Amino acid sequence: QLQASGGGLVQAGGSLRLSCAASGRSFSNYFMGWFRQAPGKEREFVAAISGSGGMTYYADSVKGRFTISRDNAKNTVYLQMNSLKYEDTAVYYCAAQPPFYSGYYYRDVSKYNYWGQGTQVTVSS
């Protein structure tokens, strides 16, 4: 089970930090991802991180502004979002991908088995 939090309303140029707490004993085995979905649009990849945290991936639209990280001792993955833009407004979801994919499909929504409930991020222009 995944529980996302940290969303809110922020002005353009501001920052937010999202958290995703996971339950279970094998958290460090899972590739974790953040996705977002704006009204009327498909869910899109934002960032992903390997089980150890040693490998990270980002969508071009957030590269250099967002940072994904994880604390396996706390079963938590984070998304630090800086220099937020109006177009970052969306519901943000965390997700876990089973170990047998080895992270090859980190951008693929369909390859994530477990999803959090989503947290709303609204950036005012």
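Not measured: the values here are computed from a predicted model. Numbers given for residues are sequential positions, taken from 1 along each chain in its written order. Per-residue local features of the predicted model are confined to residues with pLDDT of at least 70, and side-chain atom pairs are confined, for both listing and counting, to 80 or more; whole-chain, interface and lining totals are unaffected and use all residues. Only hydrogens and water are set aside; all other atoms, that is, all heavy atoms of the structure, feed into the side-chain values.

### Concerning the overall build of the protein chain
Counting its secondary structure elements, the protein chain contains zero helices and eleven strands. Secondary structure follows DSSP: runs of H or I at least 4 residues long count as helices, runs of E at least 2 residues long count as strands, and numbering of each begins at the N terminus. Listed N to C, the secondary structure of the protein chain is β-β-β-β-β-β-β-β-β-β-β in terms of helices and strands. Its C-alpha atoms give the protein chain a radius of gyration of 13 Å, within 12% of the compact-globule value 14 Å for 125 residues. By principal-axis analysis of the C-alpha atoms, the protein chain measures approximately 40 × 25 × 25 Å. When accessible area is computed with a 1.4 Å probe and restricted to protein chains, residues below 20% of their type maximum are described as buried, those above 50% as exposed, and intermediate ones as partly exposed. Looking at the protein chain as a whole, 46% of its 125 residues qualify as buried. Contact definition: two residues touch when any of their heavy atoms are within 4.5 Å. Put simply, 57% of the contacts in the protein chain that link residues at least 6 apart link residues at least 24 apart. Computation of the radius of gyration draws on C-alpha atoms alone. For the globule rule, the value is 2.2 Å times the number of residues to the power 0.38.

### What about the side chain of Arg70?
By the secondary structure assignment, Arg70 is in strand β7 (residues 66-71). Think of it this way: Lys and Arg go in the positive column, Asp and Glu in the negative one, and His and the chain ends go nowhere. The working definition used for a salt bridge is a side-chain nitrogen of Lys or Arg within 4 Å of a carboxyl oxygen of Asp or Glu. Although Arg70 lies buried, it forms no salt bridge, and the closest oppositely charged side chain, Asp71, sits 8.3 Å away as judged by the N-O distance. Polar contacts involving the side chain of Arg70 include one to the main-chain carbonyl oxygen of Phe27, which spans 2.9 Å. In the analysis that follows, any N or O atom pair within 3.5 Å is treated as a polar contact, provided that within protein one partner can donate a hydrogen and the other can accept it, and provided that, for residues neighboring in sequence, both atoms belong to side chains. Within the structure, Arg70 has its side chain in polar contact with the backbone oxygen of Ser50 (distance 2.8 Å). Ignoring sequence-local partners within four residues, the contact set of Arg70 consists of Phe27, Ser28, Tyr30, Phe31, Met32, Ile49, Ser50, Gly51, Gly53, Thr76, Val77 and Tyr78.

### Considerations on the environment of Pro99
Along the chain, Pro99 falls in the loop between β9 (90-97) and β10 (114-115). Along the chain, Pro99 and Phe66 lie 33 residues apart, while their C-alpha atoms are 24 Å from each other. In this view, Pro99 contacts Asn29 and Tyr30; residues no more than four positions away in its chain are not counted.

### Digging into the state of the cysteines
Any cysteine sulfur atom paired with another within 2.5 Å is treated as part of a disulfide. Taken as a whole and judged by the stated rule, the model has one disulfide. Two residues, Cys20 and Cys94, share a disulfide whose sulfurs are 2.1 Å apart. Across the disulfide from Cys20 to Cys94, rotation about the S-S bond amounts to roughly 65°, and the bridge is consequently right-handed. Here Cys20 is found in strand β3 (residues 16-22), whereas its partner Cys94 is found in strand β9, with 74 residues between them in sequence.

### Examining the pattern of salt bridges
For the structure shown, the criterion picks out five salt bridges. A salt bridge links Arg36 to Asp88; the shortest N-O distance between them is 2.9 Å. Taken together, the residues Arg36 in strand β4 (residues 31-37) and Asp88 in the loop between β8 (76-81) and β9 connect sequence positions 52 residues apart. Assigned by exposure class, Arg36 and Asp88 land together as buried. For Lys111, the salt bridge is made with Asp108, and the minimal N-O distance between the two is 3.3 Å. Overall, Asp108 belongs to the partly exposed group, its relative accessible area being 27%. If you follow the salt bridges from partner to partner, you end up with Arg36, Glu44, Arg65 and Asp88 in one network.

### Side note on the packing of aromatic side chains
Two rings belonging to Phe, Tyr or Trp (six-membered ring only in the last case) form a pair when the distance between their centres is within 6.5 Å. Interplanar angles under 30 degrees mark stacking, angles over 60 mark edge-to-face geometry, and anything in between is tilted. Summed over all chains, the structure comprises eleven aromatic pairs. Their ring planes at 80° and their centres at 5.0 Å tell us that Phe35 and Tyr112 sit as a pair that is edge-to-face. In this pair, Phe35 sits in strand β4 while Tyr112 sits in the loop between β9 and β10, placing the two residues 77 residues apart along the sequence. Tyr112 carries the same exposure label as Phe35, and that label is buried. Relative to Tyr101, the ring of Phe100 lies with its centre 4.6 Å away and its plane at 50°, an arrangement referred to as tilted. An aromatic cluster is defined as three or more aromatic residues linked by ring pairs; in this entry it consists of Phe31, Phe35, Phe45, Tyr57, Tyr93, Tyr106, Tyr112 and Trp115.

Spatial relationships are all this shows, so hold off on functional conclusions.
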